[in-house]
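# Secondary and tertiary structure notes
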Amino acid sequence: KIQVIVTPNSIAVSPSMSHTNDEISVTLVNSINGQTETISVSSQQTTLNELADFGIALFSLESSGNNELQLIKDGNVVYSRKSDQSSNGDDGKKALADSVIQTGDLILVTIKKASRGQPTGGRQQQAAAGTINGLDFSSLLGAATNAAPASNNNNGAALSFSI
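Residues numbered from 1 in each chain as written. Predicted model: local features only at pLDDT ≥ 70, side-chain atom pairs only at ≥ 80, totals over all residues. Heavy atoms only, no water.

## A few points about the overall build of the protein
Across its full length, the protein holds four helices and nine strands. When its helices and strands are written in sequence order, the protein yields β-β-β-β-α-β-β-α-β-α-β-β-α. Classification of the 163 residues of the protein by burial places 32% in the buried group. A total accessible area of about 10700 Å² is found for the protein, and carbon and sulfur atoms account for 50% of it. (Helix = DSSP H or I, 4+ residues; strand = E, 2+ residues; numbered from the N terminus. Buried < 20%, exposed > 50% of the residue type's maximum accessible area, 1.4 Å probe, protein only. Areas by Shrake-Rupley, 256 points an atom, 1.4 Å probe, with all protein chains shown as cover.)

So this is what it looks like as structure tokens:
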């Protein structure tokens, strides 16, 4: 017998009508818009996979293709699975009590887009061209390397400004 209680800002799931000793409260955070939902679950009976499913359902996240669903606590991935998998091996079957998740934790729920293969030396090619992560800094680099020094007292600085 499972009881589900839904309020505007939280959802409580417990295996019976009575309060259990292993119940914990966890706040899930949507990585896309910052929306939060606090849920109360059994630490002994709720698995990491089920917690991930709660995140998908509560935030209406679309997970498809080769994307990776991740649960992140304190900047560390505590659980991940490919979107087309219902579980990630034994990790998904691990109860919350057997993981690092405890009552009061904030857990970021995110969908990591599948990365496409980057050519070898891609980062070096980008840096050489003056672009980093798609941002073009070549005009700044060109100005710094091509500008004439304003005076001999600038210790090699090559930036000049006109107003």
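## Focus on the nonpolar core
In terms of nonpolar packing, the biggest core is built from 20 residues, with Leu 28, Leu 51, Leu 71, Leu 96, Ile 101 and Val 109 touching the most fellow members. Secondary structure elements with two or more residues in this core: β3 (23-30), β4 (36-42), α1 (48-59), β5 (68-73), β6 (76-82) and β7 (106-112). At five residues, the largest contribution of residues to this core is made by α1. Contact partners of Leu 28, with chain neighbours within four places excluded, come to Gln 35, Thr 36, Glu 37, Ile 39, Leu 51, Phe 54, Gly 55, Leu 58, Phe 59, Ile 107 and Val 109. (Core = buried A, V, L, I, M, F, W, Y, C linked by side-chain atoms within 4.5 Å. Contact = heavy atoms within 4.5 Å.)

## Some thoughts on the environment of Ile 24
As for its placement among the helices and strands, Ile 24 is situated in strand β3. Overall, the relative accessible area of 9% leaves Ile 24 in the buried class. Remark: the alpha-carbon pair of Ile 24 and Gln 102, spanning 78 residues in sequence, is separated by 6.9 Å.

## Let's talk about the environment of Ala 52
Turning to its location among the elements, Ala 52 is positioned in helix α1. Exposure remark for Ala 52: the relative accessible area of 0% places this residue in the buried category. Apart from the residues within four sequence positions on either side, Ala 52 is in contact with Leu 69, Leu 71, Tyr 79 and Arg 81.

## Quick word on the pattern of salt bridges
All chains considered together, the criterion is met by two salt bridges. A salt bridge links Asp 105 to Lys 73, with the nearest nitrogen and oxygen atoms 3.0 Å apart. Taken as a pair, Asp 105 in the loop between α2 (89-93) and β7 and Lys 73 in strand β5 lie far apart in primary sequence, 32 residues in all. A single burial state applies to Asp 105 and to Lys 73, both of which are buried. (Salt bridge = Lys/Arg side-chain N within 4 Å of Asp/Glu carboxyl O.)

## Quick word on the pairing of β4
Among the seven residues of β4, five are classified as buried, and the element is accordingly described as predominantly covered. As paired elements, β3 and β4 share seven bridges and run antiparallel to each other. Its bridge partner being in β4, Leu 28 is matched across the sheet by Glu 37. Joining the antiparallel neighbours β3 and β4 is a turn of five residues, in which Gly 34 adopts a positive phi near 80 degrees. (Pairing = 2+ DSSP bridges.)

## Considering the pairing of β6
In this structure, β5 lies alongside β6, joined through six bridges in antiparallel fashion. Residue pairing for β6: Ile 72 is matched across the bridge by Val 77.

## Considerations on α1
With twelve residues, α1 should cover 16 Å at 1.5 Å per step; its first-to-last C-alpha distance of 17 Å lies within 8% of that length. Buried within α1 are the following residues: Leu 48, Asn 49, Leu 51, Ala 52, Gly 55, Ile 56 and Phe 59. Along α1, the residues classed as buried sweep out an arc of 165 degrees about the axis, all on the same side. (Expected span 1.5 Å × (residues − 1). Arc of directions from axis to C-beta.)

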